[in-house]
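Notes for the structure review
Listed here are the chains, written in short residue letters.
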Amino acid sequence: ISHFGSFGNDLMRMNQTLNHFENLVKENPESAVPMAYYGSCLAMKGGQSNVVQAVSLVNKSFEYLDKAVELCQNDNEMVEVLMNRASVCKSVPEAVFNKSQIGAEDYTKLAAIQKSRMKEEGLWEDEQEKYTLAYLYINGSQCYKTAGKETEAKILLQEAKKALE
């Protein structure tokens, strides 16, 4: 998952991180952000597991990621949670999990939040903010393309171009 970095073959570090977020979820089961990170960690562990375990872990990860979206109370939480879920949706095999469209929709929501924030804070000329917006649109486009939604993918690519103008 791109925003997390990679644990590579460091299973001990992965398990420590997974346990950390699991404990945070147990301490506060209504907290969206730790729940989203826990879900992402489960998906990453799935990537290091055999096929049967991987499918089970990824399915479990989406239970936590989807619940985290429901628990969001503000845009800041929504950004963290949607980035987690969108990244997992983009990373897992479409033929097995059929999550690319959800990832595209999450990236599109993230782009809308980013645009709104840029407008409210007068950041339209900030290059880094423009690149962030374009990044969200491009990732959404890639997800739509994976889901077989070519028209939607092209629309988001056009939005990415506009963001960089």
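Refer to the structure printed above.
Description of the structure in this document. (Residues numbered from 1 in each chain as written. Predicted model: local features only at pLDDT ≥ 70, side-chain atom pairs only at ≥ 80, totals over all residues. Heavy atoms only, no water.)

Bringing the overall build of the chain into the picture now. Helices and strands together make up the secondary structure of the chain, namely eight helices and zero strands. Reading the helices (α) and strands (β) of the chain from amino to carboxyl end gives α-α-α-α-α-α-α-α. Taking 15 Å as the expected radius of gyration for a compact globule of 165 residues, we find that the chain reaches 16 Å, a close match to that expectation. Counting only contacts in the chain whose residues sit at least 6 apart along the sequence, the fraction spanning at least 24 positions is 58%. Surface summary for the chain: the accessible area is close to 9200 Å², and the carbon and sulfur share equals 50%. (Helix = DSSP H or I, 4+ residues; strand = E, 2+ residues; numbered from the N terminus. Rg over C-alpha atoms; globule rule 2.2 N^0.38 Å. Contact = heavy atoms within 4.5 Å. Areas by Shrake-Rupley, 256 points an atom, 1.4 Å probe, with all protein chains shown as cover.)

A separate point is the environment of A32. Here A32 is to be found in helix α2 (residues 32–47). A relative accessible area of 1% means that A32 is categorised as buried. Between the alpha carbons of A32 and S49 there is a distance of 26 Å; along the sequence they are 17 residues apart. With residues near it in sequence (within four places) discarded, A32 still touches A68, L71, C72, E77 and V81. (Buried < 20%, exposed > 50% of the residue type's maximum accessible area, 1.4 Å probe, protein only.)

Along the chain, S141 falls in helix α7 (residues 127–146). For S141, the contacting residues outside a window of four places in its chain are A153, L156 and L157.

Glancing now at the side chain of S40. For S40, the location among the structural elements is in helix α2. Polar contacts involving the side chain of S40 include one to the side chain of N84, which spans 2.6 Å. (Polar contact = N/O pair within 3.5 Å; in protein donor to acceptor, adjacent residues only side chain to side chain.)

Now for the packing of helix α1 (residues 11–27) against α2. Where α1 contacts α2, the axes come no closer than 9 Å and their chain directions differ by 150 degrees. Classified by the angle between their axes, α1 and α2 sit roughly antiparallel to one another. Here α1 runs over α2; the crossing is left-handed. When α1 is examined against α2, the residues M14, N15, T17, L18, F21, E22, L24 and V25 are found in contact with a partner set consisting of P34, M35, Y37, Y38, C41, L42, M44 and K45. When the residues that make up the contact of α1 with α2 are grouped by side-chain class, the tally is 12 nonpolar, two polar and two charged. (Axes fitted to C-alpha atoms, helices over the stretch in contact; angles between N-to-C directions. Parallel < 35°, antiparallel > 145°, perpendicular 65-115°, else oblique. Left-handed = near helix turned anticlockwise from the far one by under 90°. Nonpolar A, V, L, I, M, F, W, Y, C, P; charged D, E, K, R; others polar.)

As far as function goes, none of this settles anything; it's purely spatial.
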